[in-house]
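Reading the structure
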Amino acid sequence: MNSDLDKLRKEIDGIDDELLSALERRASVVQKVGAVKGKAPAYRPERESEILRRISSSAKNLAPERAVAIFREIISACRGLEEAIRVAYLGPEGTFSEQAVRKHFGAAVAASPSASVDDCFRSAESGATQFTVVPVENSTDGVVGRTLDLLTSTPLRICGEIELRVQQNLLAKGKTLKEVKRVYSHSQSLAQCNGWLAKNLPKAARIPVASNAEAAQRAAKEKGAAAIAGLLAGERYKLKVLAKSIEDSPDNTTRFLVLGQIDPAPTGRDRTSLVMSAENKPGAVHALLTPLAEHKVSMTRIESRPLRTRASLWEYFFFIDVEGHQKDPSVAKAIAGLREKAPFLKVLGSYPVAVA
């Protein structure tokens with residue numbers, strides 16, 4: 001048995017050497033690509049999406065999502081050879097927003113926490129960071145209104161999206177549930193775990209705080225305290241996992257947007273986001289959307305937000321996602337038709353659909 005095991009381990013060592021050699025060759029080619037591109041951005045969402053989809057469809061022994069995760073880090077490390085990428089996100093450290101940054105960009109980026117969604121936008125608008133990652137909607141709690149409001153006026157464009165499975169965990173310094181007297185978390189996370197808390201910690205006080213990362217910070221300092229947060233927060237603040245996946249909805253997912261100054265090219269699996277206004281009269285919204293039907297463009301989402309000016313009381317912006325890229329002929333024709341009907345229309349960006 002030991003002899004067979006030694007042979008297999010030597011085989012693995014040989015494969016590892018081959019992998020490292022291949023990675024070195026890949027890094028060398030990436031550097032050549034950077035020299036050819038000159039000052040063009042190193043981060044190209046359409047190209048990275050193309051690579052990851054190919055890897056996902058080719059994986060056999062590895063689960064597709066595992067293979068994709070590995071290649072995200074390979075892409076991240078090689079991208080860093082071309083350009084140092086800085087990304088703002090809604091902080092503090094250890095939030096799901098930081099987890100979204102790591103999932104999409106990999107570890108080889110400088111992730112910069114911001115105090116608010118507004119600060120995230122300002123960071124990328126000012127050039128302090130090249131990109132920002134902001135939450136836009138949650139499958140349980142709906143849209144993030146502030147993100148939608150800021151999209152109407154920002155010069156940034158949407159250049160990517162991230163879908164993050166939100167796994168809520170009970171984290172603490174203590175070792176057992178019996179020690180937990182207080183549970184800290186963001187109000188939304190407390191609500192998402194209401195059923196589990198009622199069953200397992202019915203007497204524990206539930207205390208809302210500004211973020212799950214802040215909850216983890218408090219749990220790390222206070223005896224008898226626990227936090228509901230992601231595993232990244234637990235790692236950062238050296239907390240034990242008392243219970244995993246305690247959210248009441250097993251499919252709880254948050255969608256994030258990547259915003260920057262680049263415009264991804266079409267990939268064949270894209271989404272285009274728009275914001276527009278409609279005239280304040282009966283049937284205006286229905287009439288406004290007819291160009292989509294006429295050109296057979298599928299709408300995947302529509303949300304409304306008030307215009308927030310005294311002169312436009314009870315008037316709304318409509319945020320719409322459609323399948324396809326704004327350079328696709330059918331989408332381009334539909335957008336042209338919308339421009340003729342909408343008092344205000346802004347294309348927020350076309351970008352690859354998120355890769356799991």
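The text that follows walks through the structure, step by step, so that each part is easy to find.

1. A word on the overall build of the protein
On a plain count of helices and strands, the protein comes out with twelve helices and 15 strands. Projected onto the principal axes, the alpha-carbon positions of the protein cover approximately 75 × 60 × 35 Å. Per-residue burial over the protein gives 46% buried out of 356 residues. Accessible surface, the protein: about 18,500 Å² in total, of which carbon and sulfur atoms supply 54%. For the protein, the distance from the average position of its 52 positive side-chain charges to the average position of its 42 negative side-chain charges is 4 Å.

2. Side note on the sheet that holds strand β7 (residues 182–185)
Pairing is mixed in the open sheet, where five strands are placed in the order β8-β7-β9-β6-β10. Each end of this open sheet is capped by a strand with a single partner; those strands are β8 (205–208) and β10 (240–243). On average, each strand axis in the sheet is tilted by 35° relative to the strand beside it, whichever way the strands run. Bridging between β7 and β8 involves four bridges; their strand directions are parallel. Bridging across to β8, Arg182 finds its partner in Ala205. Along the sheet, helix α9 (residues 212–221) makes contact with β6 (169–172), β7 and β9 (225–229), crossing β9 at roughly 155°.

Procedures and definitions
Every chain is numbered independently, its residues counted from 1 as its sequence is written. Reporting in this predicted model follows two pLDDT cut-offs: at least 70 for local features of residues, and 80 or more for side-chain atom pairs to be given and counted; totals over whole chains, interfaces and linings ignore these cut-offs and use all residues. Water and hydrogen atoms were dropped before computing side-chain values, which therefore reflect all heavy atoms in the structure. Numbering of helices and strands runs from the N terminus, with a helix taken as a DSSP run of H or I at least four residues long and a strand as a DSSP run of E at least two residues long. Burial classification: accessible surface area is computed with a 1.4 Å probe over protein chains only, and a residue below 20% of its type maximum counts as buried, one above 50% as exposed, and the rest as partly exposed. What sets the accessible areas is the Shrake-Rupley method with a 1.4 Å probe; for residues, cover comes only from the shown protein chains. When charges are tallied, Lys and Arg are placed among the positive residues and Asp and Glu among the negative ones, while His and the ends of the chain are skipped. Where a charge sits is defined by one atom per residue type, namely NZ (Lys), CZ (Arg), CG (Asp) or CD (Glu). By the convention used here, strands pair only if DSSP detects at least 2 bridges between them. Lines fitted to C-alpha atoms define the axes here, with helix axes fitted over just the stretch in contact, and angles between the N-to-C directions of these axes take values from 0 to 180 degrees. A contact between two residues is defined here by any heavy atoms of the two lying within 4.5 Å.

Any functional reading would require information that these geometric values do not contain.
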